[in-house]
Amino acid sequence: MQWIKKLLGLTTPLDKKKKELSNIRVKAIMSQRDGDLRRYATLSKKAEELEDEIIELLKKSTEI
């Protein structure tokens, strides 16, 4: 069933958040390498918030 969803491009909100988190982490690392520490800090904070949201989604999915 999972492979059908991947084939059709269907994703869950959890998958979308995980992908967004990955993209933010990459941008944060690139900002740090470029020496833009303010942007790095902003993106790191945003990544932490997304991690908290992902944890909450996982908790809700296991409660049901």
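Analysis parameters
Residues numbered from 1 in each chain as written. Predicted model: local features only at pLDDT ≥ 70, side-chain atom pairs only at ≥ 80, totals over all residues. Heavy atoms only, no water. Helix = DSSP H or I, 4+ residues; strand = E, 2+ residues; numbered from the N terminus. Contact = heavy atoms within 4.5 Å. Polar contact = N/O pair within 3.5 Å; in protein donor to acceptor, adjacent residues only side chain to side chain. Expected span 1.5 Å × (residues − 1). Salt bridge = Lys/Arg side-chain N within 4 Å of Asp/Glu carboxyl O.

(A) Looking closely at the environment of Lys 18. Structurally, Lys 18 is set in helix H2 (residues 13-34). Put simply, Lys 18 and Glu 51 are 33 residues apart on the chain and 8.3 Å apart in space, counted from C-alpha to C-alpha.

(B) Just the environment of Ser 31, in detail. Mapped onto the elements of the fold, Ser 31 is located in helix H2. Beyond its immediate chain neighbours, meaning those up to four positions away, Ser 31 contacts Asp 36, Arg 39, Tyr 40 and Leu 43. Here Arg 39 takes part through its side chain, which lies 3.0 Å from a polar atom of the side chain of Ser 31.

(C) Molecular detail of H2. With 22 residues, H2 ought to run about 32 Å at 1.5 Å a step, and its terminal C-alpha atoms sit 32 Å apart, in line with that. Just downstream of H2 lies Gly 35, where phi reads positive at about 90 degrees.

(D) Summary view of the pattern of salt bridges. Considering all chains together, one arrives at two salt bridges under this definition. Between Lys 17 and Glu 53 there is a salt bridge, and its shortest N-O distance comes to 2.7 Å. One end of the pair, Lys 17, is in helix H2; the other, Glu 53, is in helix H3 (residues 37-63), with 36 residues separating them in the sequence.

Geometric descriptors of this kind do not, in isolation, establish any biological role.
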